[in-house]
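# A closer look at the structure
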Amino acid sequence: RYVDFYRDYFKPFIHRFARTIRSIIPEALIFVEGVPQDETLTWDEMDATNIAYAAHWYDGITLMKKSFSNWFAVDPGTRKLYLGKSHVHKCFSEQIARIYRRSEEQLGHAPTLIGEVGVPFDLQNKRAYRSGNFSMQLQAVDAVLCALEANLASFAWWNYTADNTNENGDQWNDEDFSIFSRDQQKNTDQQSGGRDRYAGGRGIQAIIRPYAVKTPGIPLRLSFDRKSKRFRFTFRCNSAVNAPLELFVPACQYPDGAAVKAPCGRVVQEPEDQLLEYYPDTAIPIHEITLESR
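Since we're looking at a predicted model, the values are computed, not measured.

Conventions and cut-offs
Note that residues are indexed from 1 along each chain, following the sequence as it is written. Whole-chain, interface and lining totals are the exception, using all residues; otherwise, since this is a predicted model, local features are given only for residues with pLDDT of at least 70 and side-chain atom pairs are given and counted only at 80 or more. Values shown for side chains rest on all heavy atoms present in the structure; no hydrogens or waters enter the calculation. Residues form patches when they are more than 30% accessible in relative terms and have no salt bridge. Like charges link within 9 Å. Nonpolar side chains (Val, Leu, Ile, Met, Phe, Trp, Tyr) link within 5 Å. Areas reported here follow the Shrake-Rupley algorithm with a probe of radius 1.4 Å; residue values treat only the protein chains shown as occluding. Any carboxyl oxygen of Asp or Glu that lies within 4 Å of a side-chain nitrogen of Lys or Arg is treated as forming a salt bridge with it. By definition, any uninterrupted DSSP run of H or I lasting at least four residues is a helix, any uninterrupted run of E lasting at least two residues is a strand, and each is numbered from the N terminus. Here the term buried applies to any residue with accessible area under 20% of the maximum for its type, exposed to any over 50%, and partly exposed to those in between, with areas from a 1.4 Å probe on protein chains only. What makes two strands pair is DSSP finding at least two bridges between them. Lines fitted to the C-alpha atoms define the axes, with helices restricted to the stretch that makes contact. Angles between their N-to-C directions range from 0 to 180 degrees. A pair of Phe, Tyr and Trp rings is counted when the ring centres sit within 6.5 Å of each other, with Trp represented by its six-membered ring. The angle between the planes then sorts it: under 30 degrees is stacked, over 60 is edge-to-face, the rest tilted. Charge-over-ring contacts are defined here by two conditions on Lys NZ or Arg CZ: a distance within 6 Å of the ring centre and an angle within 35 degrees of the ring normal. Under the convention used throughout, the expected extent of a helix is 1.5 Å for every residue step, that is, one less than its residue count. Should any heavy atoms of two residues lie within 4.5 Å, those residues are considered in contact.

On the surface, Phe13, Phe17, Ile21, Ile24 and Ile25 cluster together into a nonpolar patch covering about 470 Å² of accessible area. Tracing the sequence through the fold places Ile21 in helix 1 (residues 5-22). Residue class for Ile21 comes out partly exposed when judged on its relative accessible area of 30%.

This is the structure:
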């Protein structure tokens, strides 16, 4: 008979795997993903109990060409071509949005985590390692994170490799995704005398961003402009929750502190902890808080 990989092999394996794990940890949440870019995996409501969809996502052109273009992108799902920076961001955002729609429509409304997402840092034949100019990597990281933020996505950034080197990357399969490298650390330590807490970081000016740590309600919109430093977060307040909104406010983005606009509540800043607390007026349902550079 005709053999279907998902039906005949993948799903039975996942069920057997889940039963085995839950025989020891009954409440275990099992992460499941299919073949990347393959949208034929389905899951019904009953099968999706305690299952999370953990699809990987990368921009295929950046991944394969080891170069990033902020004016050109292709959606492999629709085969549409996008031209211009704003359209590149739109292309990435729509691909991630489609992952979430699939979870709703084909995977039994399973919660969704982008289980792996990132940017290769050895772009342009490792040019940045020789010049020290990581501007292309910053653009690529920022474009991906803007797309994740536009979808309020939960994600696991790939990756941190403690023994990464410029020559050998992440020590596996010629991959070089690590946001840290000992080689960059050596260069930074020489320049700063070992005083830079971010020594060895790659693309951290884009990776370290403000975000909502705890939300007393439902997040609605999130955006961060890396150049202007403008961060906007909108949420629907839950009047039954007696707790503040907690925002991470990174000192590397706001070295002089953040100017805050929050007209419908009280703000408490704790710069030493890179934390901001916002106590909303619970009589108002929708709240927006904005951070800008001083």
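Read on for the rest.
Turning our eyes to something else, we now look at the sheet that holds strand 13 (residues 275-280). Spatial strand order, 7-10-13-12: four strands in an open sheet with antiparallel pairing. Both edges of this open sheet fall to strand 7 (211-214) and strand 12 (265-270), since each of them pairs with a single strand only. Taking the axes of each pair of neighbouring strands and ignoring which way they run, one obtains an average angle of 30° across the sheet. Of the pairings in the sheet, the one linking strand 12 to strand 13 comprises six bridges and is antiparallel in character. Looking at the pairing, Arg266 lines up with Tyr279 of strand 13.

In the structure shown here, the tally under the stated rule is 12 salt bridges. Here Lys66 makes a salt bridge to Asp122, at a shortest N to O gap of 2.9 Å. Taken together, the residues span a long stretch of sequence, with Lys66 in the loop between helix 2 (60-65) and strand 3 (72-75) and Asp122 in the loop between strand 5 (114-117) and helix 4 (123-131) at a distance of 56 residues. Judged by its relative accessible area of 23%, Lys66 falls in the partly exposed class.

Below, the discussion takes up the packing of aromatic side chains. Tallying each qualifying case throughout the model produces 13 aromatic pairs. The interplanar angle of 75° and the centroid separation of 6.5 Å between the aromatic rings of Phe155 and Trp157 together place this pair among those described as edge-to-face. The exposure class of Phe155 is partly exposed, given its relative accessible area of 33%. Grouped by ring-pair contacts, the aromatic residues Phe5, Tyr6 and Phe10 constitute a single cluster. Positioned above the aromatic ring of Trp43 is the side chain of Lys11, whose terminal nitrogen or guanidinium carbon lies 5.5 Å from the ring centre. Positioned over the ring face of Tyr279 is Arg266, at 4.4 Å from the centre of the ring.

Next up on the list: helix 3 (residues 85-106). Here helix 3 spans 31 Å end to end across 22 residues, near enough to the 32 Å set by a 1.5 Å rise per residue. Looking at helix 3, one finds that the buried residues are Val88, Cys91, Phe92, Ser93, Gln95, Ile96, Ala97, Arg98, Ile99, Arg102 and Ser103. Of the surrounding elements, those touching the buried residues of helix 3 are strand 2 (51-53), strand 3, strand 4 (80-83), strand 5 and helix 5 (135-150). Backbone geometry just downstream of helix 3 places Gly108 in the positive-phi region, at approximately 65°.

The subject of this paragraph is unusual backbone geometry. Residue Asn159 is reached from Trp158 by a cis peptide bond, and omega for that bond is 5°. Summarising the element assignment, Asn159 is placed in the loop between strand 6 (155-157) and helix 6 (182-192). The phi torsion at Leu152 lies on the positive side, around 50°, for a residue other than glycine. Positionally, Leu152 belongs in the loop between helix 5 and strand 6. Despite not being glycine, Gln171 has its phi angle at roughly 70°, a positive value. With respect to the element layout, Gln171 can be found in the loop between strand 6 and helix 6. Using a relative accessible area of 41% as the deciding quantity, one classes Gln171 as partly exposed.

What follows concerns the sheet that holds strand 9 (residues 230-237). Pairing is antiparallel in the open sheet, where four strands are placed in the order 8-9-14-11. Of all the strands in the sheet, just strand 8 (217-225) and strand 11 (258-261) have a single pairing partner and so form its edges. Between one strand and the next, the sheet's axes are offset by a mean angle of 15°, whatever the strand orientation. Where strand 8 lies against strand 9, eight bridges are found, and the strand directions are antiparallel. Each residue of the ladder has a partner; that of Phe224, found in strand 9, is Phe231.

Let us now look at the environment of Ile218. Residue placement: Ile218 occurs in strand 8. Through-space distance from the C-alpha of Ile218 to that of Cys237 is 6.7 Å; in sequence the pair is 19 residues apart. Those residues in contact with Ile218 that sit more than four places away from it in its chain are Phe235 and Arg236.

By themselves, these are just geometric observations and shouldn't be taken as functional.
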